[in-house]
Amino acid sequence: MQAVIAIPELAGIISEQQATEMLMRPVAGVPLLMRTVLTAARAGASDVLLVVPPALSDRFLQRLLQKVSRRGFRIELIQSRDFDLRGCSSWIILKRHLKDEFLWLPWNFITTKSFLSQLPRVGIESVNWSKAAYATLHEVDRDPVSATLPPRSAGGVAVTSPESAVSAERFLVANSGKVLDGIHTSFNRRLCWPFVRLLSHTPVTPNAITFGGVVVSILSAIAFAQGTYPWSVLGAFLFYIAGLFDEMDGMLARIKFAESPSGTWLEGMADGLSYLLLFGGVTIGLRRRYGPVAVWMGIALLIGAVLALITTSLQRRRATAPDRPNEYLGRFYQLLEKDSGNWISRVVRQVQAFQRRGILIHYIVLFTVIGALPLVFLLTTLGAHLTWILTLYFNHRFFSQSSEVAVSNVKEA
């Protein structure tokens, strides 16, 4: 898909410093024009047609191209004087550079991939040029009902001042979640909003936040290991805070375009380590109160947890492309939906969400506060062993055939 972005004529009239301040105003730690280009890439655009005024500084354009090239993204510059979005002559000049369908993005319009993916295709004569649009040079057939309705536009904020830049940052933070977020995770993310916006203006990286969550998990395990009720409650709240760190690293990575396969794997390893620390701390604490039986239960839980982490990691590696491990959960849910005729798939689809950390941290706090920590310990042990058993089952059901095809292709090659 092609994306089209036009820089206003004003940028070529003012000084280079003023143009830089206007076009590269930081929004959540990312320069404005760079954010627009990267948002187009995230929405699926493979190249960008950037319309620039002839008077715009060559040095500014070179710096922009250098930053974009580091991201492995292709950008084509077209110089056009007095480019008028509503003028047919301007589009006629660009026609030989345009594809039949393209994504239009105003240079200062802050939006997200999820909003862009919902855009309907509209004819170029119907585009609202102040917002993002999925445009085509051809006529669009509409049914009588939709023809009477205004075309749906992407949500977002146009940055024209420091105040609107603040609004854009709040918009980005509020929409930095995932489609699969439930009520528990959405509540967690709301608690993280002010901290994520603050961190976006610092050099703190998502990986640093991930490590910070592990440190808090260590403190949580130490508190649980004390064995008394007050220490256990403290440990539960610390584990909840560690879970918020787990939310913040992903939110910050999406806002600052810092997602990476290594970051996804690091986050998964940190989650697994946090669980092991939690279970180890709870085992030591319960041993102080219930004796050796708690140790044997803890060993059973740790074995189940380790097997669950190993099998889940192997399934993630098999189910996703090497550069997109973050798509694992979404794809797994899709497979469960398609396999809804199988009762095991239906049940797992309904209860699997409760194993996610964003939900589990709520129940750890709840059961600890009401004094039912041994019960959640028992349920977690059963859940851990069911997880690795079911992971092996679904690995065979969903992914063994694709694996056999890949092996046969390698042998033929």
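Residues numbered from 1 in each chain as written. Predicted model: local features only at pLDDT ≥ 70, side-chain atom pairs only at ≥ 80, totals over all residues. Heavy atoms only, no water.

1. Focus: the packing of aromatic side chains
Stated precisely, the cut-off is as follows: Only Phe, Tyr and Trp rings are paired, with Trp represented by its six-membered ring, and only when their centres lie within 6.5 Å; those with planes under 30 degrees apart are stacked, over 60 edge-to-face, the remainder tilted. The buried label goes to any residue with under 20% of its type's maximum accessible area, the exposed label to any with over 50%, and the partly exposed label to all in between, with areas taken from a 1.4 Å probe on protein chains only. Every helix listed is a DSSP run of H or I at least four residues long, and every strand listed is a run of E at least two residues long, numbered separately from the N terminus. Whether a charge sits over a ring depends on NZ of Lys or CZ of Arg being within 6 Å of the ring centre and within 35 degrees of the ring normal.
Under the criterion given, the structure shown has 8 aromatic pairs. Ring geometry for Tyr393 against Phe394: centres 5.0 Å apart, planes inclined by 70°, an arrangement best described as edge-to-face. The exposure class assigned to Phe394 is buried, which follows from its relative accessible area of 2%. On the numbers, 5.3 Å between centres and 20° between planes, the contact of Phe394 with Phe398 is stacked. Of the two residues, Phe394 and Phe398 both sit in helix H17 (residues 373–412), 4 residues apart, roughly one turn of that helix. Phe398 shares its class with Phe394; the two are buried. One aromatic cluster is present, formed by Phe332, Tyr393, Phe394 and Phe398 through successive ring pairs. Over the aromatic face of Trp265 sits the side chain of Arg316, whose NZ or CZ is 5.6 Å from the ring centroid.

2. Description of the side chain of Thr264
Our working definition: Contacts are assigned to residue pairs with any non-hydrogen atoms lying within 4.5 Å of each other.
Mapped onto the elements, Thr264 comes out in helix H12 (residues 261–290). Aside from chain neighbours lying at most four places away, what touches Thr264 is Arg316, Pro325 and Asn326.

3. Quick word on empty space enclosed by the protein
For the record, the criterion: Cavities and pockets are defined on a 1 Å grid built over the protein atoms alone: a cavity is a set of grid points where a 1.4 Å probe fits but cannot escape, while a pocket is an open set with protein on both sides within 12 Å along at least five of seven lines, and lining residues are those with an atom within 4 Å of any such point. Grid points are joined across faces, edges and corners, and a volume is the space filled by probe spheres set on the points.
Tallied over the entire structure, the rule returns 2 cavities of 30 Å³ or more. Taken as a whole, the largest cavity spans an internal volume of roughly 60 Å³. Thr210, Asp246, Ala270, Asp271 and Arg357 are, among the 13 residues lining the largest cavity, the residues nearest its centre. Going through the elements one at a time, helix H10 (206–225), helix H11 (229–255) and H12 are the ones with two or more residues in the lining of the largest cavity. Within the residue set of the lining of the second largest cavity, elements represented by two or more residues are H12 and H17. The dominant element in the lining of the second largest cavity, judged by the number of residues it contributes, is H17, at 4 residues.

4. Some thoughts on the packing of helix H14 (residues 328–338) against helix H15 (residues 343–351)
Counted only if it meets this: All axes here are fitted lines through C-alpha atoms, helices being fitted over the stretch that makes contact, and every angle between N-to-C directions spans 0 to 180 degrees. An angle below 35 degrees is read as roughly parallel, one above 145 as roughly antiparallel, one from 65 to 115 as roughly perpendicular, and any other as oblique. By the definition used in this description, the sense in which the near helix is turned from the far one sets the handedness, with an anticlockwise turn below a right angle giving left-handed and a clockwise turn giving right-handed. Charged residues are taken to be Asp, Glu, Lys and Arg, nonpolar residues to be Ala, Val, Leu, Ile, Met, Phe, Trp, Tyr, Cys and Pro, and polar residues to be all remaining types, Gly included.
One way to put it is that H14 packs onto H15 with a least axis distance of 8 Å and a crossing angle of 140°. Between H14 and H15, the interaxial angle falls into the category oblique. Crossing angle aside, the handedness with which H14 passes H15 is left-handed. Contacts from Tyr333, Leu336 and Glu337 of H14 reach H15 at Ser345, Val348 and Arg349. Broken down by class, the residue content of the contact of H14 with H15 amounts to 3 nonpolar, 1 polar and 2 charged.

5. Overview of the pairing of strand E4 (residues 47–52)
Cut-off, in case you're wondering: Strand pairing follows a simple DSSP-based rule, namely that at least 2 bridges must link the two strands.
A large share of E4 lies buried, amounting to 6 of its 6 residues. By the alternation rule, side chains of E4 split into Asp47, Leu49 and Val51 and Val48, Leu50 and Val52, which are all buried. Two strands pair when backbone bridges link them, and strand E1 (residues 2–6) and E4 are joined in this way by 5 bridges, in the parallel orientation. Following the sheet pairing, Ala6 is matched in E4 by Val51. The pairing of E4 with strand E5 (residues 74–79) spans 6 bridges and is classified as parallel. Along E5, the bridge assignment pairs Val52 with Gln79.

6. Some points on H15
Here is the rule: In this description, the arc belongs to the directions extending from the helix axis to the C-beta atoms.
All of the buried residues in H15 are Ile344, Ser345 and Val348. One side of H15 holds all its buried residues, which, seen down the axis, span an arc of 95°. Those residues of H15 that are exposed and angled more than 90 degrees off the buried face are Trp343 and Gln350.

7. Section: helix H9 (residues 183–199)
Heads up, the rule is: Multiplying 1.5 Å by the residue count of a helix minus one yields the expected span of that helix. Two axes enter the definition of the bend at a residue: one is fitted to the seven residues ending there, the other to the seven starting there, and the bend is the angle between them.
The end-to-end C-alpha distance of H9, which contains 17 residues, comes to 24 Å, matching closely the 24 Å that a straight helix rising 1.5 Å per residue would cover. Where H9 bends most, at Cys192, the angle is about 45°, and the proline Pro194 comes one to four residues later. Turning to H9, its buried residues number three or more, namely Thr185, Asn188, Arg189, Cys192, Val196 and Leu199. Where H9 is buried, its residues contact helix H8 (162–174), H10, H11 and helix H16 (357–369).

8. Notes on the confidence of the model for the protein
Detailed conclusions should not be drawn from predicted coordinates in areas where pLDDT is low. Basically, it comes down to this: For every residue, the predictor reports its confidence as pLDDT, a number between 0 and 100.
On average, residues of the protein score 82 in pLDDT, and 90% of them are at 70 or above. When pLDDT is averaged over each element of the protein, H10 comes out on top at 93 and helix H7 (residues 144–147) at the bottom at 44. Counting interchain partners and residues more than four positions distant, the pLDDT-below-50 stretch residues 143–149 has 2 contacts. Of the regions scoring below 50 in pLDDT, residues 402–413 engages in 1 contact with residues more than four places distant in sequence or in other chains.

9. What to know about the pattern of salt bridges
How we decide: Salt bridges are defined by distance alone: a side-chain nitrogen of Lys or Arg within 4 Å of a carboxyl oxygen of Asp or Glu.
Tallied over the entire structure, the rule returns 6 salt bridges. Where Arg189 meets Glu247, a salt bridge forms, and the shortest distance between an N and an O atom there is 3.4 Å. One end of the pair, Arg189, is in helix H9; the other, Glu247, is in helix H11, with 58 residues separating them in the sequence. Each of the two residues, Arg189 as well as Glu247, counts as buried.

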